[in-house]
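# Architecture at a glance
So the chains spell out like this:
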Amino acid sequence: MSRPALTRERVLDTAASLVTQHGPDALTMRKLAAELGTAVTSIYWHVGNRESLLDALVERTVADLGALRPTGRTPAQRIVSLARALRRQLRARPHLVAMVHERGLTERMFLPARQALVREAHAAGLEGARAAEVVRAVQFQVVGFVLVERNRERAPAQRPAEEESWDAETAGRDPALARALARPVDEERLFVTSVRALVDGLLAR
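One structure accompanies this document, and this report is about it. What you are looking at is a predicted structure, and each value in this text was computed from that prediction instead of being measured.

### Looking at the side chain of Gln89
Along the chain, Gln89 falls in helix α5 (residues 75-92). Other than its neighbours up to four places away in sequence, Gln89 contacts Asp64, Leu65 and Leu68.

### Side note on the packing of α5 against helix α7 (residues 106-123)
How two helices pack is summed up by the angle between their axes together with the distance between the axes. Following both chains from N to C, one finds α5 and α7 inclined at 170 degrees, their axes separated by 9 Å at the closest point. One finds that α5 runs roughly antiparallel with respect to α7. In this structure, α5 uses Pro75, Arg78, Ile79, Leu82, Leu86 and Leu90 to contact α7, whose residues at the interface are Phe110, Ala113, Ala116, Leu117, Glu120 and Ala123. Its residues assigned to classes, the contact of α5 with α7 shows 10 nonpolar, no polar and two charged.

### Some details on the environment of Leu90
In this fold, Leu90 is placed in helix α5. C-alpha separation for the pair Leu90 and Gln158, spaced 68 residues apart in sequence, amounts to 26 Å. Here Leu90 is in contact with Leu65, Val97, Phe110, Val142, Val143 and Val146, once residues within four sequence places are set aside.

### So, helix α8 (residues 128-154)
Taking 1.5 Å per residue, 27 residues should reach 39 Å; α8 reaches 39 Å between its end C-alpha atoms and fits that length. Listed as buried for α8 are Ala131, Val134, Val135, Val138, Gln139, Val142, Phe145, Val146, Glu149 and Arg150. Buried positions along α8 lie against α5, α6 (94-102), α7 and α10 (187-204).

### Remarks on the packing of aromatic side chains
Two aromatic rings are characterised by how far apart their centres lie and by the angle between their planes. For the coordinates displayed, the defined rule picks out one aromatic pair. Here the aromatic rings of Phe145 and Phe191 are separated by 5.1 Å at their centres, their planes lie at 70 degrees, and the arrangement is edge-to-face. With Phe145 in helix α8 and Phe191 in helix α10, the pair connects residues that are 46 residues apart, well separated along the chain. The exposure class assigned to Phe191 is buried, which follows from its relative accessible area of 0%. Geometry around Phe191 places Arg87 over its ring, the cationic atom sitting 5.1 Å from the centre.

### A look at unusual backbone geometry
For the peptide bond that leads from Arg159 to Pro160, omega is 0 degrees, which places it in the cis range. Within the element layout of this structure, Pro160 appears in the loop between α8 and α9 (175-182). Phi is positive for Arg173, which is not a glycine, with a value near 60 degrees. You can see Arg173 is positioned in the loop between α8 and α9.

### Structural notes on the layout of surface pockets
For the largest pocket, the calculated volume is near 380 Å³. Lining the largest pocket are 15 residues, and of these Pro94, Val97, Ala98, Val146 and Leu147 lie nearest its centre. At the level of elements, α6, α7 and α8 are the ones that each hand at least two residues to the lining of the largest pocket. Tallying contributions element by element places α8 first for the lining of the largest pocket, with six residues.

The rules we used
- Residues numbered from 1 in each chain as written.
- Predicted model: local features only at pLDDT ≥ 70, side-chain atom pairs only at ≥ 80, totals over all residues.
- Heavy atoms only, no water.
- Helix = DSSP H or I, 4+ residues; strand = E, 2+ residues; numbered from the N terminus.
- Contact = heavy atoms within 4.5 Å.
- Axes fitted to C-alpha atoms, helices over the stretch in contact; angles between N-to-C directions.
- Parallel < 35°, antiparallel > 145°, perpendicular 65-115°, else oblique.
- Nonpolar A, V, L, I, M, F, W, Y, C, P; charged D, E, K, R; others polar.
- Expected span 1.5 Å × (residues − 1).
- Buried < 20%, exposed > 50% of the residue type's maximum accessible area, 1.4 Å probe, protein only.
- Phe/Tyr/Trp six-rings, centres within 6.5 Å; stacked < 30°, edge-to-face > 60°.
- Lys NZ or Arg CZ within 6 Å of the ring centre and 35° of its normal.
- 1 Å grid on protein atoms, 1.4 Å probe; cavity = no way out; pocket = protein on both sides within 12 Å on 5 of 7 lines; lining within 4 Å.
- Points joined across faces, edges and corners; volume = space filled by probe spheres on them.

This is the structure in structure tokens:
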């Protein structure tokens, strides 16, 4: 069975997959060529050298984060939907996002998401400093939550484990609280709950 034609998009797709799975250090021109079943020279012809390839991946990541579209009927629902979409994008490509940051393009990467949040803040009747507060608070909440998730994933095994740390005594003589804290964290539910509370509070002020 013949391979699909080599194109710039196919090179970038494969390179992005390698970085997403194994990190930027795993992306060599030889490994990329092997994945694509082609010669290194062919890759150079489509994307240039490795630095040019990394620049192209960074530009693509920036563009992807600019494609967020809100859903929902109310400004609050739409802001929460943007926060959820932004978190998913950041979670799906941590190595690529780190590359964007290392190249000093973080502010540019977040600008489209911020502009989308501005539109929803305006739709909710907020302007000036109050609208800015919504934009920044939501962005900080998303980024902070993702960083906590990443740190939890990379942390060594804990002794005692989280579920072993809680009993009625450590939970302030609240057995129901102890049982709840001993259960695994539903990160998606916790994220949505926290963002909704944040947004509802900001819009109600």
